[in-house]
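Structural overview
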Amino acid sequence: MMQLSQCTWTFPELLKRPAFLRRSIDSISSRSRSSSKYPSFMASASTVSAPNTEAEQTHNPPQPLQVAKRLEKFKTTIFTQMSMLAIKHGAINLGQGFPNFDGPEFVKEAAIQAIKDGKNQYARGYGVPDLNSAVADRFKKDTGLVVDPEKEVTVTSGCTEAIAATMLGLINPGDEVILFAPFYDSYEATLSMAGAQIKSITLRPPDFAVPMDELKSAISKNTRAILINTPHNPTGKMFTREELNVIASLCIENDVLVFTDEVYDKLAFEMDHISMASLPGMYERTVTMNSLGKTFSLTGWKIGWTVAPPHLTWGVRQAHSFLTFATCTPMQWAAATALRAPDSYYEELKRDYSAKKAILVEGLKAVGFRVYPSSGTYFVVVDHTPFGLKDDIAFCEYLIKEVGVVAIPTSVFYLHPEDGKNLVRFTFCKDEGTLRAAVERMKEKLKPKQ
Amino acid sequence: MKEMHGLDVDPLTDIAICSGQTEAFAAAVFALIDPGDEVILFDPSYETYGGCITMAGGIPVCVDLDPPHWTSDPNKAYEAFYCQNKSYNIEQVLVCIINYHRKLYGIKTAGWRVGWAIASACIASTIRNIHTRITDCAPAPFQEAVVTALRIPPEYFELLRSDYESKRDFIIKMLAGVGFRIQFKPQGSVFVFAELPESCLLSDVEFIKESIKQAGVVAVPGCRFFHTMPPSDKRPPADLSYQQRYIRFAFCKSDATLAAAAQKIAGFSDARGRLKLF
């Protein structure tokens, strides 16, 4: 790679350039900023304004934030903010969805062995062949569909990157994409990066059913894709076969693609998980996204994938090659081992999580929350209004500081935050002791307003 | 940064850990580029830069470095700032330097996908925010491992540098010996960008195809690193045929591999030792 020293511009030559160019290089002008949609935890949780005397002595005064206009609203994620506050206040973290227990030994051992075997250089861009095969095999087991691992499976750095690559690879500026709110926060951000027009359809309690009439009116000739997350974060809703059938026929009729985020597919408790791609006529217009992290309690490994027909995989791979180029090599080898786990692994996973869910749900009901039924994922959403706080953000702030438990305010997952102000999300991907301790703290310190 | 460059950066505010340098670049581009913004690249340049900028809606503007020493003509860069941007409404210019960090290449774990972006806090903050929406985080166990790697004593890297210098010298001697034109020893990276022998009438792509078929040696055609800009009022048509005359060879390989490559290439040399792949 060229070293800067090979450039023949000398500093005196640079100074001869027109004054305004020099001025531009010397001083960075500020750009306008719109107001943040995120709650004001920033004063205590921000990584930008963390005071540091040494930095103040060696740096110039802080400059205003630089950000591309279409992404100005995306600040530090709510998950980061809440996790930092949890640490600061010694609160039990039932907010961000990562387990406080480790993944299975056999998968960790496979990663260690891969490192020792020297599998530490760049992997093939779209995935280590063995992992592509393992994904295809698993997909066949789950959906009955046979796919070509070389042409229809693409490995990415987590499902987060699968989402980014799918949006950036297949959506053009101005395309309409329909989301169901509440939605995982990276959807809106990556759609904004792609220049899409976002249409949001709100799922409402108590059962978060899809409002079909609203969906039918939302689809237009400009609709390029619908994004479905099932099992659904944060509500735990699972899209029923009837819902998926109606959506499928709308997509076929209007030539609309479907992007499905199915990372919680193995945490389906109340009904079987259904992949949209398995419905008649849908595989050819569906990108199915998934990952290792939730199923195997290895959320930090960042191994994800897409399964899609070749004419859609092409765009995903193009974008992926400019986002990360290749995915962590030793972890891919280990992921292939993980995906070949026997059925007993998945059965035990569901049993464990069912027990955890029972502890949390019964506990939350006893505390006085209105708990909405969650069929899948490791989340439940609850109505916090019995406790008299003005909105979800105020409630979560109170919960951390006065009770010592972290939940996530759901309003950040809506295009219209008002729609989520009564709801907060708890996770049960923690060991049973932690869940019980959190419930005890809430029973002791959280009292419904009479 | 302090040790290598004498720079005091604040670890809390000035650094974004990303999933490899590719993603650090992508996060920076998406964080800072609005559709229509221009980004100046110096050609030859790594292929993903232009692709990523285009994906973000930006416009890559390439300034050709001049062979054979890849020097920069200040007038070309000046023209790039003005010729492309007809309204002369440049709000600001940000400079992005991509550094193949010697320590990460030194520990030879390119497949671990840990990289970073360092910038003033106002920019690093945005890069972090966008990075979390692209991949969320770099692989957690390897972030820990890289901490260890960055604390390896300098003696290890001195030995490593010496080792790579030998590999570089070996491959240059081998390539020059069969007629490739190498005007200078690369001062960094793990690549040699060698010009095809004058007698070789093949393009870079044709040469690579023959090299694979006949000699069993693979390299990368240089044309992929050039992005030809159309001629303009102020830019006369230039002879750009050189852009199909370069081959990039990597020498980050074991001595055995380099020796095997040398042997295979020697097998396709004529009596004078000149390459005869047609």
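Residues numbered from 1 in each chain as written. Chains lettered and ligands numbered in written order. Predicted model: local features only at pLDDT ≥ 70, side-chain atom pairs only at ≥ 80, totals over all residues. Heavy atoms only, no water.

Description of the pattern of salt bridges
Tallied over the full model, the rule gives 32 salt bridges over all chains. Across the salt bridge formed by E418 of chain A and K421 of chain A, the nearest N and O atoms sit 3.8 Å from each other. Classification of E418 of chain A by relative accessible area gives exposed; the value is 57%. R181 of chain B is the partner of E198 of chain B in a salt bridge, and the nearest nitrogen-oxygen pair spans 3.7 Å. You can see E198 of chain B sitting in the loop between β5 (191-195) and α9 (204-215) and its partner R181 of chain B sitting in the loop between α8 (154-177) and β5, a full 17 residues away along the chain. Accessibility expressed as a relative area gives 64% for E198 of chain B, which makes it exposed. You can call R181 of chain B partly exposed: its relative accessible area is 27%. Ionic contacts of the salt-bridge type, sharing partners, join the residues R138, D142, D265 and K266 of chain A into one network. (Salt bridge = Lys/Arg side-chain N within 4 Å of Asp/Glu carboxyl O. Buried < 20%, exposed > 50% of the residue type's maximum accessible area, 1.4 Å probe, protein only. Helix = DSSP H or I, 4+ residues; strand = E, 2+ residues; numbered from the N terminus.)

Describing the sheet that holds strand β7 (residues 246-250) of chain B
What links the strands of a sheet is backbone hydrogen bonding, and the strands pair in either a parallel or an antiparallel sense. All names here are of chain B. Pairing within the open sheet is antiparallel, and its three strands lie in the order β5-β7-β6. Each edge of the open sheet carries a strand with a single partner, namely β5 and β6 (220-221). Here β6 pairs with β7 via two bridges, running antiparallel. Bridged to P221 within β7 is I247. (Pairing = 2+ DSSP bridges.)

Considering unusual backbone geometry
Each neighbour pair has its own omega, and for P205 of chain A with P206 of chain A the value is 10°, a cis peptide bond. Among the secondary structure elements, P206 of chain A is positioned in the loop between β4 (197-202) and α11 (212-218). Backbone torsion omega between P67 of chain B and P68 of chain B reads 0°, so that peptide bond is classified as cis. Inspection of the secondary structure assignment puts P68 of chain B in the loop between β3 (59-64) and α4 (74-83). In this structure, S297 of chain A takes a positive phi of about 55° despite not being glycine. If you trace the backbone, S297 of chain A turns up in the loop between α13 (293-296) and β8 (304-307). Look at S297 of chain A and you get buried, because its relative accessible area is 9%.

Some remarks on the environment of T77 of chain A
For T77 of chain A, the position within the fold is in the loop between α4 (53-58) and α5 (78-89). Residues T77 of chain A and K141 of chain A, 64 residues apart in the sequence, show an inter-C-alpha distance of 35 Å. Discounting chain neighbours no more than four positions away, the residues touching T77 of chain A are D185 of chain A together with T132 and R133 of chain B. Of note is the side chain of T77 of chain A, whose polar atom sits 2.9 Å from the side chain of T80 of chain A. (Contact = heavy atoms within 4.5 Å. Polar contact = N/O pair within 3.5 Å; in protein donor to acceptor, adjacent residues only side chain to side chain.)

Structural notes on the packing of aromatic side chains
Aromatic ring pairs are described here by two measures, namely the spacing of the ring centres and the angle between the planes. Tallying each qualifying case throughout the model produces 35 aromatic pairs over all chains. Both rings, one in Y353 of chain A and one in F428 of chain A, keep their centres 6.2 Å apart while their planes meet at 65°; by these two values the pair is edge-to-face. A residue pair is termed long-range when its members are at least 10 positions apart, and Y353 of chain A in helix α16 (residues 343-367) and F428 of chain A in the loop between β13 (423-427) and α18 (432-445) qualify at 75 residues. Note on F428 of chain A: relative accessible area 0%, which makes it buried. Centroid distance W70 of chain B to Y246 of chain B: 5.1 Å. Interplanar angle 65°. Geometry classified as edge-to-face. Separated by 176 residues along the polypeptide, W70 of chain B in the loop between β3 and α4 and Y246 of chain B in strand β7 bring together distant segments of the chain. In this structure, K119 of chain A is placed above the aromatic ring of W333 of chain A, and the distance from its NZ or CZ to the ring centre is 3.8 Å. Between R317 of chain A and the ring centre of Y126 of chain A, over which it is positioned, the NZ or CZ distance is 3.7 Å. (Phe/Tyr/Trp six-rings, centres within 6.5 Å; stacked < 30°, edge-to-face > 60°. Lys NZ or Arg CZ within 6 Å of the ring centre and 35° of its normal.)

Section: the packing of helix α10 (residues 185-193) of chain A against helix α6 (residues 121-134) of chain B
With their axes 9 Å apart at the nearest point, α10 of chain A and α6 of chain B run at an angle of 110° to one another. Here α6 of chain B runs roughly perpendicular to α10 of chain A, going by the angle between their axes. Counted together, D185, S186, A189, T190 and M193 of chain A of α10 of chain A and I130, R133 and I134 of chain B of α6 of chain B form the full contact between these two elements. Taken together, the residues of the contact of α10 of chain A with α6 of chain B break down into four nonpolar, two polar and two charged. (Axes fitted to C-alpha atoms, helices over the stretch in contact; angles between N-to-C directions. Parallel < 35°, antiparallel > 145°, perpendicular 65-115°, else oblique. Nonpolar A, V, L, I, M, F, W, Y, C, P; charged D, E, K, R; others polar.)

So, the UniProt feature "domain: Aminotransferase class I/classII large" (unreviewed entry) in chain B
When the UniProt feature table is mapped onto this chain, "domain: Aminotransferase class I/classII large" (unreviewed entry) is found at residues 5-77 and 110-264 of chain B. Helix and strand shares over residues 5-77 of chain B are 37% and 22% respectively, and the end C-alpha atoms of the span are 26 Å apart. (UniProt positions renumbered as here; feature names shortened; annotations may be inferred.)

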